Amino acid sequence: MKEGFVVWFTGLPASGKTTLAKALEAELKRRGVEPVQRLDGDIVRQDLTRDLGFSKEDRDENIRRVAFVAGLLAKNGVAVLCAFVSPYREARRMARMKCPNFVEVYCRASLSALIERDPKGLYRKALAGEIKNFTGIDDPYEEPENPEVICDTDREAVEESLGKVLRYLEERGLIPEKAVTRNALRVTSNAPSPSSSSRVTRHASPILPHGGTLVELVVTGREREALAREAEDLPGITLDPYYVREFYCLATGVYSPLSGFMGEKAYRSVVESMRLPDGTVWPLPIVLPVEPGVAERLRPGGAAALVDGAGRLLGILEDVEVFAREPGWEAEHVFRTVSLDHPGVARLFSEPRTLVGGRVRALELPDPGFPEIARTPREVREEIARRGWETVAAFQTRNPLHRAHEYLLRCALEVCDALLLSPLMGETKPGDLPAGVRLRTYRALLDNYFPEDRVLIAAFPANMRYAGPREAIFHALCRKNFGATHFIVGRDHAGVGDFYGPYEAQEIFDRFAPDELGIVPLKFRPAFWCKRCGGMATEKTCPHPESERVSLSGTALREMLRRGEVPPPEVTRPEVARILIEAIGGGGR
């Protein structure tokens, strides 16, 4: 189900809120945006707020009720247009927190113009003392500090003000542009709350991101300033480095179509069925565990400040949901084992058993490290478009690249326009080679043995789970968000030890219809150098016995490198071997 949005018109009485809301309603329907529901005082007063008066408490309660209804409608795909004086900033702030994709439109006009245009003569009556507690005269109106749109309705024609609102909605991807094209985007059920920079991106790459939109959650400008001020009064959640990386992946669209850490419904759906509640394929839970003491300070439906270990504010978690994690049940489904010998299971059981879900608003992007290859999905997509590539094969790796890997990459380049080398630079298990060393080996290989104009390297900032088949799907979908059309799947992809069969990570792709994944798996058998063939091959292409193959086990290769011995060039390129010898023999970083 698509998620809708809420346009909240605020301003003094007679400032043109309802007139502008009606004009927007008509234009949205003309463009085919359905369903649309307009809410204003005359509509809700009939049933929803007929018991309320005009005290501050009643005015706040009025907005609370309207925001509750608007939020429910928007979460179920409705474009909601609210036209209310809503004079108090705090009430509007609470409405923003309850409503997904909230857009505040301030209808601004001078008092003299309002008195002149007032159709009911209420301002004159208030000035004469005939009406008490009239907003703008003897009751305050607190102007918005950071509205998304300001319409000066005393100087602008309705069409001009309407154009401002429409342009904002178009820029945020909430509505199609007037000239709808084949690639016009839609808002999905996991789209972010709009802001001056959290957006649904137009897609330069030939392939759409997973779910149809690239969900970026970074807030800038005036809204960022307002949220930073709000964060000062919110309970805090400190993210350790693992979850700082998860935050980064959410904020930059790596985990599209997710717009935050999963709530209980999504968590259970993904763990049990590898699908989000709306049916979209998503194989791994993206969750945020917190200690019980932290959870006790959180208010369900409220918000929390997200900070890193140094106390730096990273973002805000909105529409907070607190629920219990079930580690054993999760491990059985996701990892297919509860053995603590599995590094993913060991991490799972070491974490708190309380989870917090909610929408993420990113105020600051943490440093992902390795700036020479740190590129967001949007940046990679733009580069793919600039180079004119139509098909791009992505390769996930957390290891140095040896000749067997090199062979798979060359095969992929034979069938695709380009290669996206996407090394995982997040957390890995103890004993894995440090990311900095791996990056040096990638550079050595690419600089010496691959065409520069057909290869792009971009870091994959996520953490390693070692979830085998499920993680293979996860890696493919994330690379789809970077713009890849194909994904290389080798032997025991994302596996560890003997927890998974050698080709289960390939076979799991067959469980889904091609259009559900939207990215083509390239499945390869292990490669080796065949002395009889005189080159690289696999068991699919080489008829000769194992005795003709030049290969080394991982253990044997590491022992050679530790002794300072250069492996055969049929196994590892000498440029790569020298880097590994220096690192392994000297404890490289």
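Just so it is clear, the structure is predicted and the values come from calculations on it, not from any experiment.

Criteria and cut-off values
- Residues numbered from 1 in each chain as written.
- Predicted model: local features only at pLDDT ≥ 70, side-chain atom pairs only at ≥ 80, totals over all residues.
- Heavy atoms only, no water.
- Helix = DSSP H or I, 4+ residues; strand = E, 2+ residues; numbered from the N terminus.
- Buried < 20%, exposed > 50% of the residue type's maximum accessible area, 1.4 Å probe, protein only.
- Contact = heavy atoms within 4.5 Å.
- Areas by Shrake-Rupley, 256 points an atom, 1.4 Å probe, with all protein chains shown as cover.
- Lys, Arg positive; Asp, Glu negative; His and termini not counted.
- Charge placed at Lys NZ, Arg CZ, Asp CG, Glu CD.
- Salt bridge = Lys/Arg side-chain N within 4 Å of Asp/Glu carboxyl O.
- Axes fitted to C-alpha atoms, helices over the stretch in contact; angles between N-to-C directions.
- Parallel < 35°, antiparallel > 145°, perpendicular 65-115°, else oblique.
- Left-handed = near helix turned anticlockwise from the far one by under 90°.
- Nonpolar A, V, L, I, M, F, W, Y, C, P; charged D, E, K, R; others polar.
- Polar contact = N/O pair within 3.5 Å; in protein donor to acceptor, adjacent residues only side chain to side chain.
- Pairing = 2+ DSSP bridges.
- Core = buried A, V, L, I, M, F, W, Y, C linked by side-chain atoms within 4.5 Å.
- Phe/Tyr/Trp six-rings, centres within 6.5 Å; stacked < 30°, edge-to-face > 60°.
- Lys NZ or Arg CZ within 6 Å of the ring centre and 35° of its normal.

Structural notes on the overall build of the chain
- A tally of helices and strands in the chain yields 21 helices and 21 strands.
- With respect to the three principal axes, the spread of C-alpha positions in the chain is 105 × 50 × 40 Å.
- Expressed as a percentage of its 589 residues, the buried residues of the chain come to 57%.
- When contacts within the chain are restricted to residue pairs at least 6 apart in sequence, long-range pairs at least 24 apart make up 73% of them.
- Working note: accessible area of the chain is about 24,700 Å², and carbon and sulfur atoms make up 49% of it.
- Of note, the chain has its 81 positive side-chain charges centred 2 Å away from the centre of its 84 negative side-chain charges.

A look at the pattern of salt bridges
- Under the criterion given, the structure shown has 52 salt bridges.
- R59 is paired through a salt bridge with D139; the nearest N and O atoms lie 3.6 Å apart. In this pair, R59 is assigned in helix α3 (residues 56-75) and D139 in the loop between α6 (122-127) and β5 (149-152), connecting sequence segments 80 residues apart.
- Between R361 and E223 there is a salt bridge whose closest N-O contact spans 2.2 Å. Of the two residues, R361 is situated in strand β13 (residues 354-362) and E223 in helix α8 (residues 221-231); the sequence distance between them amounts to 138 residues.
- Exposure remark for R361: the relative accessible area of 2% places this residue in the buried category.

Here's the deal with the packing of α3 against helix α4 (residues 89-98)
- It is at 8 Å that the axes of α3 and α4 come closest, and there the two elements cross at 20 degrees. Looking at the two axes, α3 sits roughly parallel to α4. Crossing handedness for the pair α3 and α4: right-handed. Where α3 approaches α4, its residues D60, I63, R64, A67, F68, G71 and K75 are matched on the opposing element by A91, A95 and K98.
- Grouping the constituent residues of the contact of α3 with α4 by class yields five nonpolar, one polar and four charged.

Digging into the environment of P502
- Among the secondary structure elements, P502 is positioned in the loop between β17 (486-489) and α18 (504-507).
- Take P502: its relative accessible area is 34%, and that puts it in the partly exposed class.
- Sequence separation between P502 and L424 is 78 residues, and the spatial gap between their C-alpha atoms is 21 Å.
- Discounting chain neighbours no more than four positions away, the residues touching P502 are R491 and D492.

Some points on the side chain of R96
- By the secondary structure assignment, R96 is in helix α4.
- Relative accessible area serves as the criterion here: at 11%, R96 is assigned to the buried category.
- A distance of 3.2 Å separates polar atoms of two side chains, one belonging to R96 and the other to E223.
- Those residues in contact with R96 that sit more than four places away from it in its chain are F102, E104, N146, E148, E223 and R359.

Structural notes on unusual backbone geometry
- Going from E34 to P35, the amide bond is cis rather than trans, its omega being -5 degrees.
- Examined against the element boundaries, P35 turns out to sit in the loop between α1 (17-30) and β2 (36-40).
- Cis geometry is adopted by the peptide bond preceding P257, which originates at S256 and carries an omega value of 15 degrees.
- Looking at the element boundaries, P257 is found in the loop between α9 (241-252) and β9 (260-261).
- Phi angles above zero are rare outside glycine, and F370 is one such case at about 50 degrees.
- Assignment of secondary structure puts F370 in the loop between β13 and α14 (377-387).
- Taking relative accessible area as the criterion, F370 reaches 26% and is therefore assigned partly exposed.
- You will see that Y466, though not glycine, has its phi angle at about 65 degrees, which is positive.
- With respect to the secondary-structure elements, Y466 resides in the loop between β16 (455-457) and α17 (469-481).

Considerations on the sheet that holds strand β19 (residues 527-530)
- Read across the open sheet, the three strands follow the order β20-β19-β21; overall the sheet is antiparallel. One side of each edge strand has no neighbouring strand; the edge strands of this open sheet are β20 (535-538) and β21 (549-550).
- Sheet analysis places β19 next to β20, joined by four bridges and oriented antiparallel. Each bridged residue has a counterpart across the sheet, and for F528 the counterpart in β20 is A537.

Looking at the sheet that holds strand β3 (residues 79-83)
- Read across the open sheet, the five strands follow the order β2-β3-β1-β4-β5; overall the sheet is parallel. Every other strand in the sheet has two partners, leaving β2 and β5 as the edge strands with one partner each. On average, each strand axis in the sheet is tilted by 15 degrees relative to the strand beside it, whichever way the strands run.
- Across four bridges, strand β4 (residues 102-108) lies against β5 in parallel orientation. Within β5, the position partnered with C107 by the bridge is C151.

A look at the nonpolar core
- I237, Y255 and W282 are the most contacted members of the largest nonpolar core, which has 82 residues in total.
- Excluding anything up to four places from it in sequence, I237 contacts L288, V290, V294, L298, A304, A305, L306, V307, L317 and V356.
- Formed by 40 residues, the second largest nonpolar core is a distinct cluster that contains L421, L446, F450 and I579.

Digging into the environment of P327
- In this structure, P327 sits in helix α12 (residues 327-334).
- Considering only alpha carbons, one finds P327 and F349, 22 residues apart in sequence, at a separation of 6.2 Å.

A few points about the packing of aromatic side chains
- This model, assessed by the stated rule, comprises 11 aromatic pairs.
- Taken together, a centroid distance of 5.7 Å and an interplanar angle of 70 degrees make the contact between Y267 and W329 edge-to-face. Here Y267, found in helix α10 (residues 264-273), pairs with W329, found in helix α12; they are 62 residues apart in sequence, far enough to count as distant. Both residues of the pair, Y267 and W329, count as buried.
- Taken together through their ring pairs, the aromatic side chains of Y255, W282, F460 and F474 make up a single cluster.
- Its guanidinium or amino end placed over the ring of F528, R549 lies 4.1 Å from that ring's centre, counting from NZ or CZ.

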